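Here is what each chain is made of, one letter per residue.
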Amino acid sequence: MHGTILFAVEEAAKEGGLFDLDATLPLMAVQFLVLAVILNQVFYKPLGKAIDERADYIRENEVNAKERLAKAEKLAHQYELELAETRKKAQAIIVKAQAEAQKIASGKVGEALQEAQKLREIAAQEIEQEKQQALQALEQQVEPLSRQILEKLLGAELVR
């Protein structure tokens, strides 16, 4: 068996060797180039175009996402500043309202004290008037009683 393989190799070497440069080599080269052109037109260009479009789409979405993220961060920062300002204003309003409420309460307490003072003065005046009236009534009753006592003690004729 080894002899037949060796014989076939020697026969091929005599006919032109392993690479025979007849018309098949250029024909194979032309076929390869035609196949390469067909594959390039049918598969590689559309595939490359699809890959490029997809890459452009991804880049565009990435740029848009970055812009939206920047806008969102800017809005969040702006809202935080506005919230802080609103809180400060609310705190100022609360402090002002508390001061006004304290002022009103102090005013009401002062008015209540003045009203109580006036009522006390009016009550004192009424008491004084009633006292004067009671004293006058007593004085009117004291004089006849004194006469009666004197009449009884000294007699009715001496007192008149």
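Cut-offs used in this document
- Residues numbered from 1 in each chain as written.
- Predicted model: local features only at pLDDT ≥ 70, side-chain atom pairs only at ≥ 80, totals over all residues.
- Heavy atoms only, no water.
- UniProt positions renumbered as here; feature names shortened; annotations may be inferred.
- Helix = DSSP H or I, 4+ residues; strand = E, 2+ residues; numbered from the N terminus.
- Buried < 20%, exposed > 50% of the residue type's maximum accessible area, 1.4 Å probe, protein only.
- Areas by Shrake-Rupley, 256 points an atom, 1.4 Å probe, with all protein chains shown as cover.
- Salt bridge = Lys/Arg side-chain N within 4 Å of Asp/Glu carboxyl O.
- Patch = residues over 30% accessible without salt bridge, like charges linked within 9 Å, V, L, I, M, F, W, Y side chains within 5 Å.
- Expected span 1.5 Å × (residues − 1).
- pLDDT = per-residue confidence, 0-100.

As annotated in an unreviewed UniProt entry, the chain is ATP synthase subunit b' from Planktothrix agardhii. Entered under Sequence similarities (unreviewed entry) in the UniProt record, the comment concerning the chain runs "Belongs to the ATPase B chain family."

**Q** Quick question: what am I supposed to make of the overall build of the chain here?
**A** In terms of regular secondary structure, the chain is built from three helices and zero strands. Helices and strands in the chain line up, N terminus first, as α-α-α. Expressed as a percentage of the 160 residues in the chain, the buried residues total 0%. Summed over its atoms, the accessible surface of the chain is roughly 15100 Å², and 63% of this surface lies on carbon and sulfur atoms.

**Q** I would appreciate a short explanation of the pattern of salt bridges in the present structure.
**A** For side chains bearing opposite charge, pairing can occur when the charged atoms are close. Enumeration over the complete set of coordinates arrives at three salt bridges. Here D56 ties to R59 by a salt bridge, and the two come within 3.0 Å at their closest N and O atoms. Note that D56 and R59 are positioned in helix α2 (residues 24-154) at a spacing of three residues, about one turn of the helix. Overall, the relative accessible area of 44% leaves D56 in the partly exposed class. K66 serves as the salt-bridge partner of E62, at 3.6 Å between the closest nitrogen and oxygen.

**Q** So what exactly am I meant to see when it comes to the UniProt feature "transmembrane region" (unreviewed entry) in the chain here?
**A** When the UniProt feature table is mapped to this numbering, "transmembrane region" (unreviewed entry) covers residues 23-44. Taken as a whole, residues 23-44 contains 95% helix and 0% strand, while its terminal C-alpha atoms sit 30 Å from one another.

**Q** Would you take a moment to explain a nonpolar patch on the surface for this structure?
**A** Where nonpolar side chains cluster on the molecular surface, the patch consists of V30, V34, I38, V42, F43 and Y44 and spans about 580 Å² of accessible area. Since its relative accessible area comes to 48%, V30 is described here as partly exposed.

**Q** Whenever I open this one, α2 confuses me. Can you help?
**A** For an α-helix the count is 3.6 residues per turn, leaving residues at separations of three or four pointing the same way. With 131 residues, α2 should cover 195 Å at 1.5 Å per step; its first-to-last C-alpha distance of 185 Å lies within 8% of that length. Following α2 by one or two positions, G155 adopts a phi angle in the positive range, close to 110°.

**Q** Any chance you could explain the UniProt feature "coiled-coil region" (unreviewed entry) in the chain here in plain terms?
**A** Residues given the UniProt feature "coiled-coil region" (unreviewed entry) here are residues 62-89 and 113-148. For residues 62-89, helix accounts for 100% and strand for 0%, while the C-alpha atoms at its two ends are 40 Å apart.

**Q** When you look at the confidence of the model for the chain in this model, what are you seeing that I'm missing?
**A** The predicted coordinates ought not to be read in detail in places where the model reports low pLDDT. Mean pLDDT over the chain works out to 85, with 84% of the residues at or above the 70 mark. No element of the chain has a lower mean pLDDT than helix α1 (residues 2-15), which averages 55, and none a higher one than α2, which averages 90.

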